[in-house]
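Take a look at the letters that make up each chain.
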Amino acid sequence: MTEHTADSADDESLAETFWAVASRLRRQTRDSLAPWDVTPSQSRALGVLARHGEVRPGTLAEHLRIAPRSATEVVDDLQTRGLVERRPDPADRRATLVALTEEGEHVSTAIRAARRAEADRFFGHLDDTDRADLARILRTLRG
């Protein structure tokens with residue numbers, strides 16, 4: 001086996017391991033969101049609104065790194081459930097702002113706590129140095 005072939009096998013193994021871990025984390029995230037019957041996209045939208053306050057739908061889409069139309073669907077679903085509301089933008093009457101409702105704030109807080117606990121369980125067997133290294137590596141890969 002040549003050195004290049006060995007490197008390719010290592011790359012495949014690393015990629016396969018990464019995808020297996022990512023899949024496990026996605027599955028655990030979906031499970032941790034089940035009590036609130038929200039999707040990961042909806043959870044992320046609630047988190048953006050909790051961190052940034054009311055924002056325009058386009059800004060929400062940018063934070064979520066999704067198309068504006070997809071953000072509109074997320075907001076529609078959350079609004080139907082009473083977790084967000086649309087308000088007129090006082091700076092531009094033609095524009096709309098999206099904001100958490102009181103119930104949305106409660107759900108967002110509960111989801112953050114559940115996800116933090118889930119992350120602690122998921123990464124709990126790593127020591128502080130390994131966690132810091134993993135965080136640094138993932139931030140580098142995310143770009």
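This text follows the structure it describes.
For the structure given in this document, a descriptive report is provided here. (Residues numbered from 1 in each chain as written. Predicted model: local features only at pLDDT ≥ 70, side-chain atom pairs only at ≥ 80, totals over all residues. Heavy atoms only, no water.)

1. Side note on the overall build of the protein
Reasoning step 1: Check the secondary structure of the protein and you find 6 helices and 2 strands.
Reasoning step 2: For the protein, the α and β elements follow one another from N to C terminus as α-α-α-α-β-β-α-α.
Reasoning step 3: If you line up the protein on its principal axes, its C-alpha atoms span 65 × 30 × 25 Å.
Reasoning step 4: Here the protein holds 143 residues, and 26% of them are scored as buried.
Reasoning step 5: At a minimum sequence separation of 6, the contacts of the protein that also span at least 24 residues come to 49%. (Helix = DSSP H or I, 4+ residues; strand = E, 2+ residues; numbered from the N terminus. Buried < 20%, exposed > 50% of the residue type's maximum accessible area, 1.4 Å probe, protein only. Contact = heavy atoms within 4.5 Å.)

2. Section: the pairing of strand 2 (residues 92-100)
Reasoning step 1: With 6 bridges connecting them, strand 1 (residues 84-89) and strand 2 associate as antiparallel partners. Within strand 2, the position partnered with valine 84 by the bridge is leucine 100. (Pairing = 2+ DSSP bridges.)

3. A word on the nonpolar core
Reasoning step 1: Within the largest apolar cluster, 18 residues are counted, with the highest numbers of intra-cluster contacts made by Leu46, Leu49, Leu60, Leu78 and Val84.
Reasoning step 2: Those elements that provide at least two residues to this core are helix 2 (40-52), helix 3 (57-64), helix 4 (68-80), strand 2 and helix 5 (102-123).
Reasoning step 3: With 4 residues, helix 2 is the largest single contributor of residues to this core.
Reasoning step 4: If we ignore the near neighbours within four places in the chain, the residues touching leucine 46 are Leu78, Leu83, Val84, Leu100, Val107, Ser108 and Ile111. (Core = buried A, V, L, I, M, F, W, Y, C linked by side-chain atoms within 4.5 Å.)

4. Thoughts on the packing of helix 2 against helix 3
Reasoning step 1: Interaxial distance between helix 2 and helix 3 falls to 10 Å at its minimum, and their mutual angle equals 115°. The pairing of helix 2 with helix 3 is recorded here as roughly perpendicular in orientation. The element helix 2 and its partner helix 3 pack so that their crossing is right-handed. Residue-level contacts link Arg44, Ala45, Val48, Leu49 and His52 of helix 2 to Leu60, His63 and Leu64 of helix 3.
Reasoning step 2: The residue makeup of the contact of helix 2 with helix 3, split by class, is 5 nonpolar, 2 polar and 1 charged. (Axes fitted to C-alpha atoms, helices over the stretch in contact; angles between N-to-C directions. Parallel < 35°, antiparallel > 145°, perpendicular 65-115°, else oblique. Left-handed = near helix turned anticlockwise from the far one by under 90°. Nonpolar A, V, L, I, M, F, W, Y, C, P; charged D, E, K, R; others polar.)

5. Considering the pattern of salt bridges
Reasoning step 1: Counted according to the given criterion, the structure contains 7 salt bridges.
Reasoning step 2: A salt bridge links aspartate 89 to arginine 56, with the shortest nitrogen-to-oxygen separation between them at 2.9 Å. In this pair, aspartate 89 sits in strand 1 while arginine 56 sits in the loop between helix 2 and helix 3, placing the two residues 33 residues apart along the sequence.
Reasoning step 3: We classify aspartate 89 as buried; its relative accessible area is 8%.
Reasoning step 4: Ionic pairing is found between glutamate 85 and arginine 87, a salt bridge with its closest N-O pair at 2.7 Å.
Reasoning step 5: Exposure remark for arginine 87: the relative accessible area of 31% places this residue in the partly exposed category. (Salt bridge = Lys/Arg side-chain N within 4 Å of Asp/Glu carboxyl O.)

6. Quick word on a negative patch on the surface
Reasoning step 1: On the surface, a cluster of negative charge is contributed by Asp127, Asp128, Asp130 and Asp133.
Reasoning step 2: Mapped onto the secondary structure, aspartate 130 falls in helix 6 (residues 128-142). (Patch = residues over 30% accessible without salt bridge, like charges linked within 9 Å, V, L, I, M, F, W, Y side chains within 5 Å. Areas by Shrake-Rupley, 256 points an atom, 1.4 Å probe, with all protein chains shown as cover. Lys, Arg positive; Asp, Glu negative; His and termini not counted. Charge placed at Lys NZ, Arg CZ, Asp CG, Glu CD.)

Any functional reading would require information that these geometric values do not contain.
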